[in-house]
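# Examination of the molecular architecture
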Amino acid sequence: MQGYIDCHCHISATDFDDDIDDVIVQSKKAGIMALVAVGEHAGEFEKILQLSQRFSGFVMPCLGVHPVQGHDPACPRGAVLEDLESALPLIEKYKEHIVAIGEVGLDFTPRVVSSDAGKESQRQVLIRQAEIAKHLSLPLNVHSRSAGRPTIHLLKELGVENALLHAFDGKPSVAMEGVRAGYYFSIPPSIVRSEQVILNFYNTTELKCILFAMCAFSDPSVMQQMKYFLNVFVPTDVFGICLSYSTKKQKLVKQLPLENLCLETDSPALGPEKQVRNEPRNITISAEYISKTKGIPLEKVVEVTTHNALRLFPKLKAFIKV
């Protein structure tokens, strides 16, 4: 069976500092042929390049400025053009070595950005990096949390032809706009959390309250009251998993053509278990889920998603034999 390509991971994260060698060994044992290592800010670019040299031909660098910035995770802020000042010279310096520009995109989560001005700043950062990607003939590795539609629309307006929408959380109908534009969508191992949550909460009073509220408050004018009601009964993270993963991401896998799907882990985040460090070797979980959901052989999933990744990241072909 052909090997896997992890199209989006954060292998430079400090979570891997103590056992990076073992993580790489386990990744290869799992059948992974390459890791696309994305960057979020200029401060980690050099580390990503060092890892790509240390694990030459396996860790493939991808540099960009993430739409969410800030040194304190508890106080995130939206990206601004000033964040590009130290990043752009490094992208230019390493342009021959990188396989894509990313992680870039938009993130309209209220705790990150709550004003139109903040959203516009993120757009300008994405526009600038899309221009650089076009100039360098590189694809974009894209983040679009709570901003699926505006992200896809902006990419199309900018004439972006090669893009990966990682861990897309928008509606399948919006994703189909991206499919028609030729974009790819990568599926992380966290996709299986939905099944776990439904099994754990199906017979509880909390889930019954959720279902009752969804039916009772069908009028859009009281959606805000519905959300408040749900949060009284169920913590926000649980509610988010129940709805987001089961209704959006599962439907995404079902509806999107296999020819537009790729695999990712987003390690150390988005693993099969929440609050447990994710690793690239869990890429097999994503592939198995797609196989089960679409009712096609696992070998076919691996073959097609790897082919998709090589089309999206053509520089990988110099290192991978298929």
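Structure: see above.
Every value quoted in this text rests on a predicted model; they were computed, and no experiment measured them.

## Remarks on the side chain of His-10
- Tracing the chain through its elements places His-10 in the loop between strand 1 (4-9) and helix 1 (20-29).
- Only 3.2 Å separates the side chain of His-10 from the side chain of Glu-103, close enough to count as a polar contact.
- Polar contacts involving the side chain of His-10 include one to the side chain of Asp-266, which spans 3.0 Å.

## Quick notes on the packing of helix 5 (residues 148-157) against helix 6 (residues 172-180)
- Taken N-terminus to C-terminus, the directions of helix 5 and helix 6 make an angle of 15°; their axes are 9 Å apart at the nearest point. The angle between the axes of helix 5 and helix 6 places the two elements in the roughly parallel class. Of the two possible hands of crossing, helix 5 and helix 6 adopt the one that is left-handed. On helix 6, the residues touching Gly-148, Arg-149, Ile-152, His-153 and Lys-156 of helix 5 are Val-174, Ala-175, Glu-177 and Gly-178.
- By residue class, the composition of the contact of helix 5 with helix 6 is three nonpolar, three polar and three charged.

## Overview of helix 5
- Listed in full, the buried residues belonging to helix 5 are Gly-148, Thr-151, Ile-152, Leu-154 and Leu-155. Viewed along the axis of helix 5, the buried residues span an arc of 165°, placing them on a single side of the element.
- Backbone geometry just downstream of helix 5 places Gly-159 in the positive-phi region, at approximately 75°.

## Comments concerning empty space enclosed by the protein
- In the structure shown here, the tally under the stated rule is one cavity of 30 Å³ or more.
- Considering only enclosed or pocket space, the largest cavity measures out at about 30 Å³ in volume.
- In terms of lining, the largest cavity is formed by Ala-167, Phe-168, Ser-186, Ile-187, Pro-188, Ile-191, Lys-249, Leu-252 and Val-253.
- Elements supplying a minimum of two residues to the lining of the largest cavity: strand 9 (184-187) and helix 10 (236-255).
- It is helix 10 that provides the largest number of residues to the lining of the largest cavity, a total of three residues.
- Looking at the lining of the largest cavity, its residues break down into seven nonpolar, one polar and one charged.

## Some remarks on the pairing of strand 6 (residues 100-105)
- With six of six residues buried, strand 6 lies mostly within the body of the structure.
- When strand 3 (residues 59-63) meets strand 6, the two strands line up parallel, connected through two bridges. Bridging from a neighbouring strand, Cys-62 pairs with Ala-100 of strand 6.
- When strand 6 meets strand 7 (residues 140-143), the two strands line up parallel, connected through four bridges. Within strand 7, the residue paired with Ile-101 across the bridge is Leu-140.
- As for the winding sense of the linkage, the β-α-β connection from strand 6 through helix 4 (residues 116-136) to strand 7 is right-handed.

The rules behind the values
Residues numbered from 1 in each chain as written. Predicted model: local features only at pLDDT ≥ 70, side-chain atom pairs only at ≥ 80, totals over all residues. Heavy atoms only, no water. Helix = DSSP H or I, 4+ residues; strand = E, 2+ residues; numbered from the N terminus. Polar contact = N/O pair within 3.5 Å; in protein donor to acceptor, adjacent residues only side chain to side chain. Axes fitted to C-alpha atoms, helices over the stretch in contact; angles between N-to-C directions. Parallel < 35°, antiparallel > 145°, perpendicular 65-115°, else oblique. Left-handed = near helix turned anticlockwise from the far one by under 90°. Contact = heavy atoms within 4.5 Å. Nonpolar A, V, L, I, M, F, W, Y, C, P; charged D, E, K, R; others polar. Buried < 20%, exposed > 50% of the residue type's maximum accessible area, 1.4 Å probe, protein only. Arc of directions from axis to C-beta. 1 Å grid on protein atoms, 1.4 Å probe; cavity = no way out; pocket = protein on both sides within 12 Å on 5 of 7 lines; lining within 4 Å. Points joined across faces, edges and corners; volume = space filled by probe spheres on them. Pairing = 2+ DSSP bridges. Right-handed = clockwise from strand over helix to strand, strands pointing away.

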